[in-house]
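# Residue-level structural notes
If you want the building blocks of each chain, they are given just below.
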Amino acid sequence: MAQSQGDPVAGEEKAYQCMGCHGVAEYTNAYPTYNVPKVGGQQTQYIVSALEAYRSGDREHATMQSQARSLSDEDIQDIAAFFAQEGS
């Protein structure tokens, strides 16, 4: 089955909450302390796979699971399209 293309313009609006952590250069979370990964410029399919895994609970991280649980397939595609173009 072909993967649908996300809309990066819609993704920018949908990624608003993501930017609080993933949009800050060299951001380190307060507790527990860890470096927040850069997602701008990542490959679209990597972001889609990661968000789907957080949403399903297959990938562990309480904050990301909570955020991803509310995302539709279209939201995930749009957010991935936005972040994929962010680093280019």
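Refer to the structure presented above.
Residues numbered from 1 in each chain as written. Predicted model: local features only at pLDDT ≥ 70, side-chain atom pairs only at ≥ 80, totals over all residues. Heavy atoms only, no water.

## A few points about the overall build of the protein chain
- What the protein chain contains, in helices and strands, is five helices and two strands.
- When burial is assessed residue by residue, the protein chain has 32% of its 88 residues classed as buried.
- Excluding contacts between residues fewer than 6 apart, the proportion of contacts in the protein chain whose partners are at least 24 apart in sequence is 63%.
- Just so you have it, the protein chain exposes about 6000 Å², and 49% of that area is on carbon and sulfur atoms. (Helix = DSSP H or I, 4+ residues; strand = E, 2+ residues; numbered from the N terminus. Buried < 20%, exposed > 50% of the residue type's maximum accessible area, 1.4 Å probe, protein only. Contact = heavy atoms within 4.5 Å. Areas by Shrake-Rupley, 256 points an atom, 1.4 Å probe, with all protein chains shown as cover.)

## Concerning helix 5 (residues 73-86)
- The end-to-end C-alpha separation of helix 5 is 20 Å, in line with the 20 Å expected for 14 residues at 1.5 Å each.
- Along helix 5, the residues classified as buried are Asp 75, Ile 76, Gln 77, Asp 78, Ile 79, Ala 80, Ala 81, Phe 82, Phe 83 and Ala 84.
- Elements that come into contact with the buried residues of helix 5 comprise helix 1 (8-14), helix 2 (19-22) and helix 3 (44-56). (Expected span 1.5 Å × (residues − 1).)

## Considering the packing of helix 3 against helix 5
- Contact geometry of helix 3 with helix 5 gives a least axis separation of 8 Å together with a crossing angle of 140°. Between helix 3 and helix 5, the interaxial angle falls into the category oblique. For the crossing formed where helix 3 meets helix 5, the hand is right-handed. Residues Thr 44, Ile 47, Val 48, Leu 51, Glu 52 and Arg 55 of helix 3 touch helix 5, and the partners they reach there are Asp 73, Ile 76, Gln 77, Ile 79, Ala 80, Ala 81, Phe 83 and Ala 84.
- By residue class, the composition of the contact of helix 3 with helix 5 is nine nonpolar, two polar and three charged. (Axes fitted to C-alpha atoms, helices over the stretch in contact; angles between N-to-C directions. Parallel < 35°, antiparallel > 145°, perpendicular 65-115°, else oblique. Left-handed = near helix turned anticlockwise from the far one by under 90°. Nonpolar A, V, L, I, M, F, W, Y, C, P; charged D, E, K, R; others polar.)

## As for the packing of aromatic side chains
- Taken as a whole, this structure holds one aromatic pair when the rule is applied.
- Measuring from centroid to centroid gives 5.2 Å for Phe 82 and Phe 83, while their planes differ by 55°, and the two rings are tilted. (Phe/Tyr/Trp six-rings, centres within 6.5 Å; stacked < 30°, edge-to-face > 60°.)

## Considering the packing of helix 3 against helix 4 (residues 62-69)
- Two elements in contact, helix 3 and helix 4, have axes whose closest approach is 7 Å; the angle formed by their N-to-C orientations is 95°. One element, helix 3, and the other, helix 4, form an angle in the roughly perpendicular class. Touching Leu 51, Tyr 54 and Arg 55 of helix 3 are Met 64, Gln 65, Ala 68 and Arg 69, all from helix 4.
- In terms of residue class, the contact of helix 3 with helix 4 is made up of four nonpolar, one polar and two charged.

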